Amino acid sequence: MAITEPIVEMEAISIEFPGVKALQNVNFRLFPGEVHTLMGENGAGKSTLIKALTGVYKIDSGTISVLGAPRAFSGTADAQSAGISTVYQEVNLCDNLSVGENVMLGHEIRGRFGINWKKTNEAAHDALVGLGLGDIDPRRPLSSISLALQQLVAISRAMVSRSRVLILDEPTSSLDANEVEGLFGVIRRLRDQGVAILFVSHFLDQVYAISDRLTVLRNGEYVGEYMTPELSRSDLISKMIGRDFSTLAALGSNRGRAVHATGKPFYSAKNLGRKGFIDPVDIDVHAGEVVGLAGLLGSGRTELGRLIYGADRPDTGEVRISDAITEVHSPIAGLSRKIAFSTENRRDEGIIGDLTVRENLVLAVQARRGWARPLSKREQGDLCEKYLVELNVRPADPERLIKNLSGGNQQKVLLGRWLATRPELIVLDEPTRGIDIGAKAEIQETIAALAGEGMSVVFISSELEEVVSLSERIVVMKDHRKIGEIVNGPDVTAETIVDLIATEGNVA
Amino acid sequence: MSRDSSRASSESIVTRVIHRPYVWAIVALLLLLVINLGKDPAYLGISVNAATGNLSGNVIDILRASAPIMMIAVGMTLVIATRGIDLSVGSVMAVSGAVSMEFMSTAGGGTVGEALSAAALALAISAALGAVNGVLVSVVGLQPFITTLITMLAGRGLAKVITAGQNTSASNESFRWIANGTVFGFPVVFVIAGIVVAIVAVLVRRTALGLMIESIGINPRAARMAGIRPVGILIAVYVVGGVLAGIAGIFSTASVMTVEVAKTGMAAEMDAILAVVIGGTSLAGGKFSLTGSVIGALLIATLDKTIVFLSIPSSATPAFKAAVIVIICLLQSQRIRALFARRRSGPSSLTPPPRSPAQPRKESVSA
């Protein structure tokens, strides 16, 4: 690959949204005939950078050049006409059209009497053959083929418009290993034809399998550009999560306090799993113990938390609560067994935006009591008073709509919603993500205090330092399975976990 | 309702009403009455029959006519609050009317017992139709629009089967009294409607049902994660909608003691949906206002009467109705209001309308 001229060059790109610096001085280069992976944790700015390139977002400063000439696209369609195509994670094709119609949409071959379907389907077939997909009949309805093939159809579609740059935003997140191999075959073929490919994935193994070059972003900032073979996995992970200890609040560390993991656990699951979701996992949580779930995004930590609560129905495994066999297959089942689950997806699965803080706070307690036994005004007032003060929600106005609170305060109200149910086990999925440092420290303190009072806590976070400082035991997840368990102690650091994830990756 | 009174009790009733979305419906209602007064200064007059103590007059007629609309509007409010829609209410009215007329004409005794049995049977079948809607929507997961479109067509067919396709009449003075009788001078239908609305209001606002319905309507995923079981609530809401439509069917057939299977309840779903929208409940679901829907029902009844009173040709009636309703909906729209607010405050402060929560830009950054 002796090509020196980048096809796309982005220099010192900055984008600011109200209150957030989404990108600051980010550089990015894309060479023809190369797979370039954009790496970074959730919220690092990967999608924003892609949207800046394709013109979905306006850049506040910096320059974008395509083939050496400065360009500013007005949107995806404009970018596409310049040969830059994007295939998103959720395939955006038309389910109800045929494969050929999808591939050729907007490029149908016209004859004297409108569209010549025979020729159009032949052209679609040619496009599919070009990617080694000759055995897909273009006349089949799109909905009849697997998601993985749909993904490839989306790529064929991009190729019909003679793209020189192909952006693949998390194309593998819902594919299995064989399907990923098939996709990679297609990507390599395109690369060898000289197409420049921008690849985004959370799966480290896949990144190392396919990419030639890496650009790492962190918190909207440019960390660096590296040739993949020259950067070790553990170096990559530490570049992604950074060494930013300053945000970590001073905590009463749980280290060396690992006295709870003896005797009968409060919650114990054997082979807890769900097909296509997470491989069977064993996990125990004792009373008063904080068990951390660590792993990169997409490693299966959230999925495990959801199975424990019953947000998704497990299809294998045996669950014991206080040594009695039980089944937790719905949220209300989890609630009535004194399990609570605070979601990472605050906006879609947490708050009920148009209801007040009070109504949001009492919702889970009310749901467990049933509709016919409403909480009285006074009971509601007492709950609000207790938790709004205890969790320091600002403003402490129970009649304000929750959507008008800041993210950190919404998170506190949600925490209050679960604590009000007096759970014995609480699963906290990213309770500190996307909130300001002050609120973060308060929530961390609350978690430590709750465990001190005897509550069992399953703590999920992308910030390894946070997991290490709060947890007594750490369950490490990778690629939707449990790869190890670490008893926390003075020797355990974020690196211990990173090493475990990195070395385990080489074996797999 | 209870929620209204709990909030900001320091404000006067007037300021609170002004901030309600149904304030324009009240304005329109008054406007229509004023127009009618213009044509006949004695329009609002209520006379008392010295012998029976019955009240009579245009206002009483409006109250009488509003009762069936009120019933289906209240049921529709709850369904819409869960992000659903119930197109089958008009057909359920026809089924309810058909069942009661057929039962009484077959029994033929004209007794009070028969009237009660006919009503009970009609309501039971209406509830069953509502349950079919509820199960299809919540358990099977069909779209409410399609589900209730099917029951709308099937219901009309069922009514024809019950009466063998004939317009069926019956004679039963007790049943007729529901539509034509009076209690303390007021029409029985209006009194029953008032009681039923009060029962529903207590059911949803004095229990946690209203909170759960709103939660499901605003954010179904979050509601489920908080432990709310949507299946039972959705079925209950559609059953309530069915029963209320059944009551409306009894109201509208009792006045003539005849069910016209092709006409009874025809296009009633439109009136119900309009009443709900006029009352300020969003078709997107979530927060609902029973008070608003009751006012919407009164407005539609007044509009119907006004059209007749002003001798507007019947062929122009739908267009006139549509025009009035479009104006009210425009007045309620956030954007139109923002436009007015901007103009009033002058060009110096070009503050944009409050950003819709549907597209917070910040969220997309972390995607």
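Residues numbered from 1 in each chain as written. Chains lettered and ligands numbered in written order. Predicted model: local features only at pLDDT ≥ 70, side-chain atom pairs only at ≥ 80, totals over all residues. Heavy atoms only, no water.

Engineer: An account of the pairing of strand S1 (residues 8–17) of chain A is requested, with residue identities and associated values reported.
Structural biologist: Residues and elements named next belong to chain A. One ladder, built from five bridges, connects S1 with strand S4 (residues 61–66); its direction is antiparallel. Across the sheet, the residue bridging to serine 14 is serine 61, located in S4. Looking at chain direction, S1 and strand S2 (residues 20–30) are connected through seven bridges and run antiparallel. Paired with glutamate 9 across the bridge in S2 is arginine 29. (Pairing = 2+ DSSP bridges. Helix = DSSP H or I, 4+ residues; strand = E, 2+ residues; numbered from the N terminus.)

Engineer: Which residues make up the sheet that holds strand S17 (residues 324–326) of chain A, and what are the values?
Structural biologist: All names here are of chain A. Ordered in space as S14-S13-S16-S17, the four strands form an open sheet in which the pairing is antiparallel. On the outer flanks of this sheet lie strand S14 (278–285) and S17, each paired with one strand and no other. Strand-to-strand twist across the sheet, computed as the mean angle between neighbouring axes with direction ignored, equals 25°. In this sheet, strand S16 (residues 316–321) lies alongside strand S13 (residues 267–274) in antiparallel orientation, the contact comprising five bridges. When the sheet's bridge partners are listed, lysine 270 is paired in S16 with glutamate 318. (Axes fitted to C-alpha atoms, helices over the stretch in contact; angles between N-to-C directions.)

Engineer: Explain the pattern of salt bridges residue by residue, including any values.
Structural biologist: Oppositely charged side chains are able to pair whenever their charged atoms sit close together. All names here are of chain A. Inspection of the entire model under this criterion finds 31 salt bridges over all chains. Ionic pairing is found between aspartate 212 and arginine 191, a salt bridge with its closest N-O pair at 3.5 Å. Of this pair, aspartate 212 sits in the loop between helix H7 (204–210) and strand S11 (213–218) while arginine 191 sits in helix H6 (residues 177–192), and the two are 21 residues apart along the sequence. When sorted by exposure, aspartate 212 lands in the same class as arginine 191, which is buried. (Salt bridge = Lys/Arg side-chain N within 4 Å of Asp/Glu carboxyl O. Buried < 20%, exposed > 50% of the residue type's maximum accessible area, 1.4 Å probe, protein only.)

Engineer: Residues and numbers for a nonpolar patch on the surface, please.
Structural biologist: All names here are of chain B. Together, Val135, Val139, Val140, Leu142 and Val231 line one region of the surface with nonpolar side chains, adding up to about 380 Å² of accessible area. Looking at the nonpolar patch element by element, the count peaks at three residues for helix H6 (residues 112–140). Position of leucine 142 relative to the elements: it lies in the loop between H6 and helix H7 (144–162). In this structure leucine 142 comes out as partly exposed when scored by relative accessible area, which is 35%. (Patch = residues over 30% accessible without salt bridge, like charges linked within 9 Å, V, L, I, M, F, W, Y side chains within 5 Å. Areas by Shrake-Rupley, 256 points an atom, 1.4 Å probe, with all protein chains shown as cover.)

Engineer: Pulling in residues and values, what's your account of the sheet that holds strand S20 (residues 456–460) of chain A?
Structural biologist: All names here are of chain A. The six strands are arranged S18-S19-S20-S15-S21-S22 in an open sheet whose pairing can be described as mixed. In the strand order of this sheet, the two ends are held by strand S18 (339–342) and strand S22 (481–487), each with one partner. Adjacent strand axes in the sheet meet at a mean angle of 15°, parallel and antiparallel pairs treated alike. Against the sheet, helix H9 (residues 301–309) touches strand S15 (290–294), S18, strand S19 (425–429), S20 and strand S21 (473–478), its axis set at about 145° to S18. (Contact = heavy atoms within 4.5 Å.)

Fair warning: the whole summary comes from geometry, so function is off the table for now.
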